[in-house]
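# Analysis of the macromolecular model
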Amino acid sequence: ERRKLCLEVADNGPGLPVEDRSRLFEPYFSRKKGGTGLGLTIVKSIINDHHGYVRVTNGEQGGMRLTVELPV
């Protein structure tokens, strides 16, 4: 059985439009004025280098949920 560390962060904000969710980890994509769009791209690269994964889904109470899983 594979052991893994699972980290979930959720909020109850307005969420993320479906069309933006598919681009969230793309380089230079940002919804912030003046944002570089590199933060989540770097996070995904680091997680992938450690054979884990990161994903974003809708939160149960609205908002969104970010899940990171890493092998232990």
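Before reading further, recall that the structure is shown in the block above.
Residues numbered from 1 in each chain as written. Predicted model: local features only at pLDDT ≥ 70, side-chain atom pairs only at ≥ 80, totals over all residues. Heavy atoms only, no water.

## Re the sheet that holds strand β2 (residues 53-58)
Here is the rule we go by: Pairs of strands are assigned from DSSP output, requiring at least two bridges between the strands. A run of H or I in DSSP becomes a helix once it reaches four residues, and a run of E becomes a strand once it reaches two; helices and strands are each numbered from the N terminus. The convention used is that axes are lines fitted to C-alpha atoms, helices contributing only their stretch in contact, and that angles between N-to-C directions extend from 0 to 180 degrees.
In space, the 3 strands of this open sheet follow the order β1-β3-β2, with antiparallel pairing throughout. The strands lining the two open edges of the sheet, one partner per strand, are β1 (4-10) and β2. This sheet shows a mean twist of 20° between the axes of neighbouring strands, independent of strand direction. Judged from the 6 bridges that link them, β2 and strand β3 (residues 64-71) form a sheet pairing that is antiparallel. When the bridges of β3 are listed, Tyr-53 appears paired with Glu-69.

## Quick word on a nonpolar patch on the surface
To be explicit about the condition: Like charges are joined within 9 Å and nonpolar side chains (Val, Leu, Ile, Met, Phe, Trp, Tyr) within 5 Å, but only among residues with over 30% relative accessible area and no salt bridge; these make up the patches. For the accessible areas, the method is Shrake-Rupley and the probe is 1.4 Å, while residue cover comes only from the protein chains on display. In the sections that follow, a salt bridge refers to a side-chain nitrogen of Lys or Arg positioned within 4 Å of a carboxyl oxygen of Asp or Glu.
Side chains of Tyr-28, Leu-38, Ile-42 and Ile-46 sit close together on the surface and give an oily, nonpolar patch of about 410 Å² of accessible area. Mapped onto the fold, Leu-38 is located in the loop between α1 (18-21) and α2 (39-49).

## Comments concerning the nonpolar core
We apply this condition: Buried residues of nine kinds, namely Ala, Val, Leu, Ile, Met, Phe, Trp, Tyr and Cys, make up a nonpolar core once their side-chain atoms join them within 4.5 Å. For every residue, the accessible area obtained with a 1.4 Å probe (protein chains only) is divided by the maximum for its type, and the residue is called buried under 20%, exposed over 50%, and partly exposed between those limits. Working rule for contacts: check all heavy atoms of both residues, and any pair within 4.5 Å makes them a contact.
Within the largest apolar cluster, 7 residues are counted, these being Leu-16, Leu-24, Phe-25, Ile-47, Val-54, Val-56 and Val-68. When sequence neighbours within four positions are dropped, the list of residues in contact with Val-56 reads Arg-21, Leu-24, Phe-25, Met-64, Arg-65 and Leu-66.

## Quick look at unusual backbone geometry
Phi at Tyr-28 is positive, roughly 70°, even though this residue is not glycine. Topologically, Tyr-28 is positioned in the loop between α1 and α2. Owing to a relative accessible area of 64%, Tyr-28 belongs among the exposed residues under this scheme. The phi angle at His-51 is positive, at roughly 60°, despite the residue not being glycine.

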